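Here's the letter readout for the chains.
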Amino acid sequence: MNIPATQGTSAHNTVARISLPRLALRNLLAYKRRIAGLLIAVILGTAFLSGALILSDTVQDSVSGLIRDNGAGTDVVVRNATDVTDQPGTNRAAIPAGTTDLVRGVPGVANAEPVIIGYGQLVDKDGKMIAGNGPRIASNWIGDPALNPYRLAEGRAPQGPEEVVVDRASARTAHLKPGDHITVLTPAPVAATIVGVATFGDVDAFGGSSYAGFSLEGARAHVARTPGEITSVSVRLAGDPDKAGQRAAAATIQKVLPPGTQALPGSDATQEQVDAVADGFLKVFRTFLTAFAGIALVVAAFSINHTFSVVSAQRTREAALLRALGASRRQIRTQALAEALIIGVTASVLGLLAGAGLAAGLKALFSAVGMELPGTGLTLRGVTAAIVLPVGIVVTLVSALIPALKASKVPPVAALRSSAAETSGIPARRTIAGVALTVAGAVLVALADNALVLAAGALAALAGVLLVAPVVVRAVGRVLTAPFAKLGAGPMLARGNVLRSPRRTAGAATAMVVGIAVVTVFAVFAASLKHGTEHETNSTLTDGVVIASSTGGYAGTGHSPELTRKTAALPGVAEAVGLQRGNILANGSSVAVMAGDTAHLDRALDLDLTHGTANALGTDKIAVSRKAADEDGLKVGSTVHALYPDGAKADLTVAGVYERNSVVGDYLIDRTAWAPHSVADLDALAVLALAPGAKADTVKAEVEALATAYGNPKVYDRAGYVDASLALVDMFVMVVYVLLALALLIALGGIANTLSLAAHERRREIGLLRAIGAERGQVRASLRWESAYVAALGALTGVLLGGFLAWSAVGVLSGAEDIPVSVPAGQLAILVAAGVLGGLLAGTRPAARAAKMDVLSAVAAD
Amino acid sequence: MSGTSPSPTARSAAAESGGRYAACTVHAVRAYGRGDTEVRALDDVTLGFPFGRFTAVMGPSGSGKSTLLHCLAGLDTLTGGQVLLGDTDLGTLSDKELTRLRRDRIGFVFQAFNLLPTLTAGENVTLPASLAKARLDPEWVDRVIGAVGLANRLGHRPSELSGGQQQRVAVARALATRPELVLADEPTGNLDSRSGAEVLGLLRDAVDTLGQTVVMVTHDPVAASYADTVVFLADGRTADRMDGPTPQAVLDRMKAFELPGKAGVRS
Ligand SMILES: Nc1ncnc2c1ncn2[C@@H]1O[C@H](COP(=O)(O)OP(=O)(O)O)[C@@H](O)[C@H]1O
Ligand SMILES: [Mg+2]
């Protein structure tokens, strides 16, 4: 494995010999710039993946931890057996209050407490709702600390029916303290006095939720739908039993329970909730983050690959020299791969650690845009390392493979020719393959009718574009950059450097192309979706007034139906349609329904019915969206077997099929059908149609006046509601943009990286420039321009490619909804500008360094 | 017609330099390193380079020739003494001012790697002017380009030119701004004798017909014979000078350096 030392061919055998691994190591140390460049490229890529995993583990851990704390002391839970949804934050229907006494009578039960959980929106002293991103909980304060996850931090437990304990987070937000008078909307307003402030275990609140704890008497009166019903019974067994003990006790308790009620071991109940959160929100969250980590990794892989090929060009001569001295191809290849392995391992470990920092940053970022994530500290699981390290190492090795193969193919004579490191040849094969792939991809994308074909086409088109890019750079780069060359020496020199090796230029821009294309697809998609929803909501609503406590964020809020009824009586209101949210099992699958005043629904809402009617649905009819009808195979006259949360069953006949689902969702039933079975009597929304001659402004003011007594739910005119209902989409779009911006940062980092490698490689030229009178500023300018050119090239290509893909994707993925494509021209312009500006910034550091170079040593360098 | 002035007359030479010399060095010292490891690349060098003359600088490897040229060009700074370009004391200039001086008042030709590979020959010639955002005198540029014989090669890139052609482009660039001083460090070192002769003829022409002042470092006695005066350096000091050199005379003088004891170190 040993090869002769490269320096000096001494005849003495005592001269130190160098092994290949040591040569690789020495190479790395000798080229600090190179190693730094490669390390940075890999670290950037792996850090994002690691950050995404750490963040979702952290959130999962803390959510699970909270849930476990919540249920820690409860050995058995007795609750309604009917399950229509496993969405976290939703409650099952009620059970008879008498159940508690039945359970108390069971031997082995140390204590059983009735639990009444319901809706309880806190309204501060000034009449403002205390908002938050989680359920607004009202409950009964349980005296047994084993059964109550809340701990009093201040004051005392509630005694009278109008006394409450509130969570410390809400207390802090609204500056509440014991003795303050507040209102709790349950949803009917309850004037209450704060007697205590509680923490959830050690934390201020359970996630983003709020808590109002009444006395049992108070909860019966205000929170329970009927005083004779409770939500569940929490049971503490004698002697702190293990799981098996809990199970046995649950079985015993089950025997005394009325039908429709179940006894569940506490540990199972907790696990059920943990799973629900893990499968629901956390799964979405994790998938979402991992998808972006994936995008970031792809972008980084291109960046790493390009960096390696730049570096390989730099060492072509060195490889040739080794070959001339008798090193075999395999040895060259092995040396290059050994180098890559060292870099891959080091950088992946660093990236894994950097990910922790990134996770902390992302968390802060989410909270900055209004998405508070629970949890303190960071969770670094072994599995994260087990994913990140191999991925980082493999991506690095694969990226290094092609350049390594190329380096090993260098003919030994190349060492003797002092050829320029950067070659400008573009193999015709490459171009032909590129054109073929691009055309094939474009055709597939244009004709695609399902996501799979679309994805295949998109990949082919992307690969094709990347392959033809050098030819395009050569063909159009000269023309496009020509106008700038007149601006001064900087842009002129940069132009020459961009055009000197179209392949390298294209390579440097690749990560940018991919990054910007993804952002563009997303931007067009989001804009189309938003536009479509906006248009639909606008057409659905008449020019009336809408009451909505929450248009986005947490769904479980609303106002008292009483307010809806009162507004109906206003002279300016022709029709008031209150809408409640709920969940049922429809033909066996869990669906979200809206229950509303459908008697004269069409006076207030234009659902664009394709068949039948959505009016007067009564207790036995349902209307469904065309989307739901298509998916479930329903048509007017079909039967939907419904199971309500309280266990009641009903057969509903489809009365109508409608197009517009942005306001009423996919399943619509009447309030009268829902009321007997609902969990909380809460109008999420009320749509008010104006009487002839009435003015929206006037009516809005009148409704607002009425609403003051109901905690001031928000009242909108049509335009206002449309805007507000898009706020959630906007927030989501923001988060996605921020995440994608990170991918763009990686791309820019790649540009900066290769630029500084290029500057290092060209130090001779830069020295010459300085020697014949280029000022430092001019050298700086030329490199900054170069990176701006590259970024602009990447950004423009990315926008074009992404725009084309999005155009097709919107059509394919929106399916039956038929959303028209809308191009956010302004946003895309900003995107390209940001890319170019980013390029300029990315060039700043390498440019500054190059400009600082010592002229004499650069001129003297060989 | 004294081309160079050894130390005894240095003071007067410096005093008069404003009138007779395009550039001169006065007790110039350039030391590298400190203490024990100090190397004096230039050790008290006082030289004048008269207007419109072609001076060759010779000496063994490591004798300080390149250092002298770099100091004259404002690429390197002295650790003692002065370099004057016309009336300008280079030691008083900032980095930025030195850069401008190189751009506007000096033309430099290196041994190799004189051209930016991304620019055409023509663009390389006009590069200093582009950097200065200055207009070139078109007549002068035409004359220079005509003189170097590159009129039909202006659109070519350096990689498409032979070594000799590349050096001629470099000479054209050095002359294009009509600098006060043209400096060339072994400009023919990498060329075969025919190409070398072309480049040397060109420098000679620049002096004779264009009135330029040229200082050239060389190892080659034949190259030195193109100059009006040859200055010999040894160990960072001026060892000798020769007016109207012939290759044979230069060669003989060079040989003297190689004989111990006869090296013309100033006594
Ligand atoms: N940057 C430097 N650091 C240390 N010593 C240097 C440096 N540059 C030149 N020298 C030394 O100065 C002396 C003169 O160098 P140089 O002017 O290049 O010689 P020449 O061009 O005549 O061959 C040599 O001994 C050389 O080693
Ligand atoms: Mg030299």
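Residues numbered from 1 in each chain as written. Chains lettered and ligands numbered in written order. Predicted model: local features only at pLDDT ≥ 70, side-chain atom pairs only at ≥ 80, totals over all residues. Heavy atoms only, no water.

1. Looking at the pairing of strand β11 (residues 210–214) of chain A
Residue and element names in this part refer to chain A. This is how it is decided: Residue burial is assigned from relative accessible area. The probe radius is 1.4 Å, only protein chains are included, and a residue is buried under 20% of its type maximum, exposed over 50%, and partly exposed in between. A helix here means a DSSP run of H or I that spans at least four residues, while a strand means a run of E at least two residues long, and both kinds are numbered starting from the N terminus. Think of it this way: DSSP has to see at least two bridges between two strands before they count as a pair.
Across the 5 residues that make up β11, a large majority, 5, are buried. Taking every second residue as pointing to the same face, both faces of β11 are buried, with Ser210, Ala212 and Phe214 on one and Tyr211 and Gly213 on the other. Bridge analysis of strand β8 (residues 163–167) against β11 gives 3 bridges, and the strand direction is antiparallel. The partner of Val164 across the bridge, within β11, is Phe214.

2. What to know about the site of ligand 1
All names here are of chain B. Inclusion rule: Near residues are defined by distance, with any heavy atom within 4 Å of the molecule or strand qualifying the residue. Here a polar contact is recorded for every N or O atom pair within 3.5 Å, except that within protein the pair must consist of a potential hydrogen donor and a potential acceptor, and residues adjacent in sequence are included only if both atoms are side-chain atoms. Computed by Shrake-Rupley with a 1.4 Å probe, the accessible areas treat only the displayed protein chains as cover when residues are assessed.
The environment of ligand 1 is formed by Tyr32, Val39, Ala41, Pro60, Ser61, Gly62, Ser63, Gly64, Lys65, Ser66 and Thr67. Within the contact set of ligand 1, an oxygen atom lies 3.2 Å away from a backbone nitrogen or oxygen of Ser63. In this structure, Gly64 approaches ligand 1 through a main-chain N or O atom, which is 3.0 Å from an oxygen atom. Relative to its unbound accessible area of 550 Å², ligand 1 is 58% covered by the protein chains. Looking at the shell around ligand 1, the elements that each hand over two or more residues are β2 (39–50) and α2 (65–72).

3. Some words on the interface of chain B and chain A
As a reminder of what qualifies: Should any heavy atoms of two residues lie within 4.5 Å, those residues are considered in contact. Buried area: the accessible surface (1.4 Å probe) lost by two parts on joining, summed over both. Any Lys or Arg side-chain nitrogen located within 4 Å of an Asp or Glu carboxyl oxygen qualifies as a salt bridge. Any residue outside Ala, Val, Leu, Ile, Met, Phe, Trp, Tyr, Cys, Pro, Asp, Glu, Lys and Arg is labelled polar, Gly included; the first ten of those are nonpolar and the last four are charged.
Contact with chain B, which involves 24 residues of that partner, is made by 22 residues of chain A. Summed over both sides, the interface between chain B and chain A buries roughly 2,200 Å², with carbon and sulfur atoms accounting for 66% of that surface. Of all residues in chain B, Phe113(B), Thr118(B) and Leu131(B) bury the most surface against chain A, accounting for 26% of the area lost on that side. The tally of links from chain B across to chain A stands at 4 salt bridges. Arg103(B) serves as the salt-bridge partner of Glu775(A), at 3.1 Å between the closest nitrogen and oxygen. Looking at the side of chain B that touches chain A, the elements that each hand over two or more residues are α3 (95–105) and α4 (121–132) of chain B. Broken down by element, the side of chain B that touches chain A gets its largest block of residues, 6 residues, from α3(B). Considering only residue class, the side of chain B that touches chain A consists of 11 nonpolar, 5 polar and 8 charged.

4. What to know about the sheet that holds strand β14 (residues 261–265) of chain A
Each strand in a sheet pairs with another by means of backbone hydrogen bonds, the pair being arranged parallel or else antiparallel. Residues and elements named next belong to chain A. Inclusion rule: Helix axes use the C-alpha atoms of the stretch in contact, all axes being lines fitted to C-alpha atoms, and the angles between their N-to-C directions lie in the range 0 to 180 degrees.
Reading across from one edge, β3-β13-β1-β14 is the order of the 4 strands in this open sheet, with antiparallel pairing throughout. The two strands at the open ends of the sheet, each matched to only one other strand, are β3 (109–115) and β14. Between one strand axis and the next, the sheet turns by 20° as a mean value, whatever way the strands run. Alignment of β3 against strand β13 (residues 232–237), held across 6 bridges, turns out to be antiparallel. The partner of Val109 across the bridge, within β13, is Leu237. Across the sheet, helix α6 (residues 243–256) lies against β1 (76–80), β3, β13 and β14, angled at about 165° from β14, the strand it touches most. Across the sheet, helix α7 (residues 266–279) is in contact with β1 and β14; its angle to β14 comes to roughly 95°.

5. Some points on a nonpolar patch on the surface
All names here are of chain A. Note the following rule: Patches were defined on residues exceeding 30% relative accessible area and lacking a salt bridge, with like-charge contacts within 9 Å and nonpolar side-chain contacts (Val, Leu, Ile, Met, Phe, Trp, Tyr) within 5 Å.
Taken together, the side chains of Leu341, Val345, Val349, Leu353 and Leu380 define a hydrophobic patch exposed on the protein surface, amounting to about 410 Å² of accessible area. Looking at the element boundaries, Leu341 is found in helix α10 (residues 329–368). Of the residues examined, Leu341 reaches a relative accessible area of 41% and is grouped as partly exposed.

6. Section: the packing of helix α12 (residues 428–447) of chain A against helix α13 (residues 451–485) of chain A
Residues and elements named next belong to chain A. As a reminder of what qualifies: Any angle between 65 and 115 degrees counts as roughly perpendicular, while under 35 counts as roughly parallel, over 145 as roughly antiparallel, and the rest as oblique. By definition, any crossing whose near helix is turned counterclockwise from its far helix by less than a right angle is left-handed, and any crossing with a clockwise turn is right-handed.
Between α12 and α13, whose axes approach to 7 Å, the crossing angle comes to 150°. Viewed along their axes, α12 and α13 adopt a mutual orientation that is roughly antiparallel. Relative to α13, α12 is oriented so that their crossing is left-handed. Of the residues that constitute the contact of α12 with α13, the class distribution is 19 nonpolar, 6 polar and 1 charged.

7. Observations regarding the state of the cysteines
Note: disulfide means a covalent bond formed between the sulfur atoms of two cysteine side chains. All names here are of chain B. Applied cut-off: Cysteine sulfur atoms that pair up within 2.5 Å are treated as a disulfide.
For the structure on display, the rule yields 0 disulfides over all chains. We note that Cys24 lacks a disulfide partner, and the nearest cysteine sulfur, in Cys71, lies 13 Å from it. Given the relative accessible area of 3%, Cys71 is considered buried.

8. Observations regarding the domain arrangement of chain A
All names here are of chain A. The condition that has to hold: An automatic or database domain assignment supplies the residue ranges for each domain.
Examined at the domain level, chain A breaks down into domain 1 (73–266), domain 2 (473–542 + 724–862) and domain 3 (559–712). Centre-to-centre, using C-alpha coordinates, domain 1 lies 30 Å away from domain 3. Facing the 19 residues of domain 1 at the interface are 22 residues of domain 3. A buried area of about 1,500 Å², summed over both sides, lies between domain 1 and domain 3, and 59% of it is on carbon and sulfur atoms.

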